[in-house]
Amino acid sequence: MGIQMKNTKKTLSSVNIFAKRFVSSIIAISSFLFAFNAYANFGLNTSNGYNMPRGVTEMSHQIYDLHMIIFYVCVAIGIGVFGVMGYSMYKHRKSKGSKAANFHENIKVEIIWTIIPLIILIIIAIPATKVLIEREDVSKADINIKVTGSQWKWRYEYMDSDAKGISFFSNLDKRSREQLQTSIDTGVSPSYENYLVNVDNRLIVPTGVKIRFLITASDVIHSWWVPDFGVKQDAIPGFVNATWAIIPPGKEGVYRGECAELCGKDHAYMPVVVEAVSQEEFTRWVGEFHNAKKDAQKNANKEWTEKDLMTAGEQAYGSYCAACHQATGKGIEGIFPSVVDSAMVIGDKKELAMQILNGKGAMSAFRDQLDDAQIAAVMQFLRNGFNKVGDITQPSEVKAWR
Amino acid sequence: MSTATATTHNDDAHHHGPEKGLMRWVRTTNHKDIGTLYLWFSFIMLLTGGAMAMMIRLELLAPGLQYVDPQFFNSLTTMHGLIMVFGAIMPAFVGLANWQVPMMIGAPDMALPRMNNWSFWILPFAATLLISSFFVEGGAPGSGWTMYAPLSTTYAPKSMDFVIFAIHLLGFSSIMGAINIIATITNMRAPGMRLMDMPLFVWTWLITAFLLIAVMPVLAGAVTMMLTDRNFGTSFFSAAGGGDPVMFQHIFWFFGHPEVYIMILPAFGIASQIIPTFARKPLFGYASMVYATASIAILSFVVWAHHMFLVGMPIEGQLYFMYATILISVPTGIKVFNWIATMWRGSMTFEAPMLWALSFVILFTVGGFTGLMLGVVPADIQYHDTYFVVAHFHYVLVTGALWAIIAGVYYWFPKWTGRMYDEKLAKIHFWWAVISVNVLFFPQHFLGLAGMPRRYADYSIQFTDFNVLSSIGGFAFGASFILYAYILIKGIVAGKKVEENAPWESATTLEWVIPTPAPYHSFETPPTQEQIDRASQHIHTH
Ligand SMILES: [Cu+2]
């Protein structure tokens, strides 16, 4: 089974590496012994670390209350049932001289212990039904945001009025990636407080309005989850699910969540980060976004130097390609093809560009994720970083093929 | 008789005892031999799946990736699930049924002994096929034991086809086993034994066998559609081709939900045999236990979509599945109340089987509570696909199903081997396991509530504490199986000889009226009406 154990091409013997890792794990254990729960105000969500977060929306409060009601109902039943059982185990033991009675079957008792649980269930079901019906009412939304899951990032598209046309991808942030790589190379576990719960581009939403999330996926099933909003919904390729949230004014802030449905290798590496801002702030952000977009278009038309392309390409490869094709470019045998010495990569430029733009098989289309400059840069890096083709690809060429 | 006890299994070798040598096990049609094969097979699978669990817990000892890459991590969780469900728990219960059902109904053997041989011998091949997927280019599938499309179709490595065929084989084996059990129970009961005279273990297995026959073909259908989607261009589960990935989940869970009861109903049966024995008191409500089992089995067919509340079902569907799901806690509660009423004013002793059975009742109930919580849809929005779910189903499957299996093995050990296990070691084993398993799984409730999704190879640092705790518990629990294996082997080889037919003084069922160790053929002459009546006295005396 060792065939897939990660080997870090280092000269260290595997025993040595194992020992090192184990030591770092021991460090994790002692940190646990000494600093039990020191993380209160940052990190994933507003949970106290061992219970469901109460969250910030009306819906998340109702869910939390329902959760606590059922929890206490279970605790009460548990105390009753385990109490009787414990008493019996203590009292009715042979060593205490207990003589076995011979009673059995008592219709009255049996009816009672059927009816009482039934009544408890009805008491739970009533508020649950109420909350559920409310959650399913996705009508009368003020703004609509399309959320698309793909391996392993989220895409956000704004569908209404001024914000219409805003669309971007949200990837795991750079610092998390660096710390992840460090842990792979040296075994030192990450210490960054927002490790795996931070992204490069946050979803920005206004407070005080009903936001409808239209959730879908482009490849496999994902699940978009923000615990503090009480929002979790499967993202299913070919289907659009709707859910909603109203973040009350005054609750501006950063809310963190994660992908909740197994979606392949990097399932743990596609966090959800939402920043709730005031209405005015949101309007300003929308304006800025449109301006920045215009600048980027200018960028695509200029002539790039080889060096700039390589630098930008290496960076874009790291964020968009390395999850599958790996930092080494060698991919994973049988799942993700190598880009080193690949006929596809070193062959016709246009064909390579078309595959990046349109995707192929399990590889997703990057048409919307990367602009012309980024695609040209990635191609430059693929052909002249991993391989030695000795040519240059300009953004203007990609623009023409697109 | 003195010569008979000297040669453990060969006491009636003078006419038709077991064959000599290895071929005995290959060609055997004897229910006890096959039961033994099933039990050892499931134990090996338990250790294999357990080793994978240890690797999972090792990687989760610290945030970051220290030991495995995430693709391999996903393969581990997938294979751990498949091996434990299809390789460990289910075959262990079939093994127990093979040993116990004929003895408990006063029959000489299973009704279809050759098919019995075949249904076992398919298993090692299926397991080999399953595990060999690790060595296929691309590694073992990483789409979880639930194999949701399209991650398991378009996006899975070639080895998924190995897993699909392994599941087909496992399905054949299960269906044949189930047919055999139904045929045995309906046709081979001792003359004079009515259905309502049967011990509860037999009853629960009869109902389980019907569940198996009903749902294994459904699973076979689901994986066959996967196979054609993957290899022959169909689009059952691909929206791009007009199919529906959610349909896979509906079909899978139409199998999967009854499947979880397949793994727990026989456990109910075992607890219902052990608790009266050690409480020295008849089972409180025999008939209501039978009816509760049957109602759970019927309800299990109509609640499947509670595994998929977040796929975007219509509100009516969500409400219906919520009501139906929480309704199951009524018959389940009836069972728990019955066990407690059985203990009440009994004369209890706490030998190993009883310890395992009582902790089964308590810990299974904990899993039942979280099951009720998960059934409430709005709360499930937050619980769904988190470690809360992982904690829930490990409480019902490890401290539920596996606990009952271990309880049953200790309980019937003297009857099978003619020797007694080491009671002191068995008590140490119990306390070691029961403490470590809670250290392992209880913190996972907190992890899930605080927001850690399941099937994560890596996590953000605020989850470190509980993961470390859980891993420590996991390693300790894993180690308890070394002790368990030692106790079993020591007991078989050098345990104290048991002479009496019924080493547990108040055990009444029919397996305890034949000699110990049980002769190669259980009842060559059927038990007398008097024996049958005494065996089922807990049902009829007033
Ligand atoms: Cu995902």
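Treat the numbers as computed from the prediction; the structure is a model and nothing was measured. (Residues numbered from 1 in each chain as written. Chains lettered and ligands numbered in written order. Predicted model: local features only at pLDDT ≥ 70, side-chain atom pairs only at ≥ 80, totals over all residues. Heavy atoms only, no water.)

Bringing the overall build of chain A into the picture now. Each helix and strand counted, chain A has 10 helices and 10 strands in total. Every one of the 402 residues in chain A was classed for burial, and the buried ones make up 50%. Considering only residue pairs separated by 6 or more positions, chain A has 65% of its internal contacts joining residues 24 or more positions apart. (Helix = DSSP H or I, 4+ residues; strand = E, 2+ residues; numbered from the N terminus. Buried < 20%, exposed > 50% of the residue type's maximum accessible area, 1.4 Å probe, protein only. Contact = heavy atoms within 4.5 Å.)

Below, the discussion takes up the state of the cysteines. For the structure shown, the criterion picks out 0 disulfides over all chains. The cysteine cysteine 321 of chain A is free of any disulfide, with cysteine 324 of chain A supplying the nearest cysteine sulfur at 8.8 Å. (Disulfide = S-S within 2.5 Å.)

Moving on to the nonpolar core. Tyr158 and Trp224 of chain A together with Phe86, Trp339, Phe360 and Trp403 of chain B are the most contacted members of the largest nonpolar core, which totals 290 residues. Here phenylalanine 360 of chain B is in contact with Ile264, Ala267, Phe268, Ala271, Trp339, Thr365, Thr399, Gly400, Trp403 and Ala404 of chain B, once residues within four sequence places are set aside. Ranked by size, the runner-up nonpolar core spans 26 residues in total, among them Cys321, Val340, Met379 and Leu382 of chain A. (Core = buried A, V, L, I, M, F, W, Y, C linked by side-chain atoms within 4.5 Å.)

On to the packing of helix H6 (residues 113-132) of chain B against helix H7 (residues 159-187) of chain B. Residues and elements named next belong to chain B. Running from N to C, H6 and H7 point in directions that differ by 160°, and their axes come no closer than 8 Å. Between H6 and H7, the crossing angle belongs to the class labelled roughly antiparallel. Read as a crossing pair, H6 and H7 show a hand that is left-handed. Judged by residue contacts, Met115, Asn116, Trp118, Ser119, Ile122, Leu123, Ala126, Leu129, Leu130 and Ser132 of H6 engage Phe162, Val163, Phe165, Ala166, Leu169, Leu170, Phe172, Ser173, Met176, Gly177, Ile179 and Asn180 from H7. (Axes fitted to C-alpha atoms, helices over the stretch in contact; angles between N-to-C directions. Parallel < 35°, antiparallel > 145°, perpendicular 65-115°, else oblique. Left-handed = near helix turned anticlockwise from the far one by under 90°.)

As a further point, take the pattern of salt bridges. In total, this model carries 18 salt bridges over all chains according to the counting rule given. Here the residues in one salt-bridge network are Lys94 of chain A together with Arg280 and Glu505 of chain B, joined through shared partners. (Salt bridge = Lys/Arg side-chain N within 4 Å of Asp/Glu carboxyl O.)

The subject of this paragraph is the interface of chain B and chain A. Listed as interface residues are 116 residues of chain B and, on the opposing side, 116 residues of chain A. Taking both partners together, chain B and chain A bury about 10300 Å²; carbon and sulfur atoms supply 69% of that area. Linking chain B to chain A there are 1 salt bridge. Between lysine 94 of chain A and glutamate 505 of chain B there is a salt bridge; the shortest N-O distance is 3.2 Å. Here chain B is connected to chain A by 25 residue pairs in polar contact (both at pLDDT 80 or more). Grouping the amino acids of the side of chain B that touches chain A by side-chain chemistry returns 74 nonpolar, 30 polar and 12 charged. (Buried area = accessible area lost by both parts, 1.4 Å probe. Polar contact = N/O pair within 3.5 Å; in protein donor to acceptor, adjacent residues only side chain to side chain. Nonpolar A, V, L, I, M, F, W, Y, C, P; charged D, E, K, R; others polar.)

Our next topic: a nonpolar patch on the surface. Taken together, the side chains of Ile107, Ile111, Ile115, Leu118, Ile119 and Ile123 of chain A together with Leu327 of chain B define a hydrophobic patch exposed on the protein surface, amounting to about 630 Å² of accessible area. Per-element tally for the nonpolar patch: the top contributor is helix H3 (residues 107-135) of chain A, with 6 residues. Along the chain, the position of isoleucine 107 of chain A falls in helix H3. Relative accessible area serves as the criterion here: at 62%, isoleucine 107 of chain A is assigned to the exposed category. (Patch = residues over 30% accessible without salt bridge, like charges linked within 9 Å, V, L, I, M, F, W, Y side chains within 5 Å. Areas by Shrake-Rupley, 256 points an atom, 1.4 Å probe, with all protein chains shown as cover.)

Before going further, it helps to examine the coordination of the copper ion. All names here are of chain A. Bound to the copper ion on the protein side are His222 (ND1), Cys259 (SG), Cys263 (SG) and Met270 (SD), at distances that span 2.1 to 2.6 Å. Spacing between the donor residues of the copper ion along the chain follows H-x36-C-x3-C-x6-M. In this pair, histidine 222 sits in strand S6 (residues 222-226) while cysteine 259 sits in strand S9 (residues 253-259), placing the two residues 37 residues apart along the sequence. (Donors = N, O, S within 2.8 Å, 3.2 Å for Na, K, Ca; no water.)

We now examine the environment of leucine 447 of chain B. All names here are of chain B. Note that leucine 447 resides in helix H17 (residues 423-450). Accessibility expressed as a relative area gives 1% for leucine 447, which makes it buried. Taking the C-alpha atoms as reference points, leucine 447 and asparagine 467, separated by 20 residues in sequence, lie 7.7 Å from one another. If we skip the residues at most four places from it in the chain, leucine 447 touches Tyr387, Met452, Phe463, Phe466 and Asn467.

Time to look at the sheet that holds S9 of chain A. All names here are of chain A. Strand order across the open sheet formed by 5 strands is S4-S10-S9-S6-S7, with mixed pairing between neighbours. Single-partner strands in this sheet number two, and they are strand S4 (203-206) and strand S7 (231-235). Each neighbouring strand pair of the sheet contributes to a mean axis angle of 25°, computed without reference to strand direction. Bridge analysis of S9 against strand S10 (residues 272-277) gives 5 bridges, and the strand direction is antiparallel. Paired with tyrosine 255 across the bridge in S10 is valine 274. Contacting S4 and S10, helix H5 (residues 279-301) crosses the sheet at an angle of about 135° to S4. (Pairing = 2+ DSSP bridges.)

A word on the domain arrangement of chain A. All names here are of chain A. Under the domain assignment used here, chain A contains domain 1 (2-96), domain 2 (143-294) and domain 3 (300-401). On a C-alpha basis, the centroid separation for the pair domain 2 and domain 3 is 25 Å. Across the contact, 8 residues belong to domain 2 and 11 residues belong to domain 3. When the two sides are added together, the surface that domain 2 and domain 3 hide from each other amounts to roughly 900 Å², 53% of it contributed by carbon and sulfur. Its largest share of buried area at the contact with domain 3, domain 2 owes to Lys153, Phe169 and Lys265, together 41% of the area lost on that side. Inspection of the domain 2/domain 3 interface yields 0 salt bridges. On inspection of domain 2 and its partner domain 3, the count reaches 0 residue pairs in polar contact (both at pLDDT 80 or more). A class-by-class count of the residues in the side of domain 2 that touches domain 3 yields 2 nonpolar, 1 polar and 5 charged. (Domains from an automatic or database assignment.)

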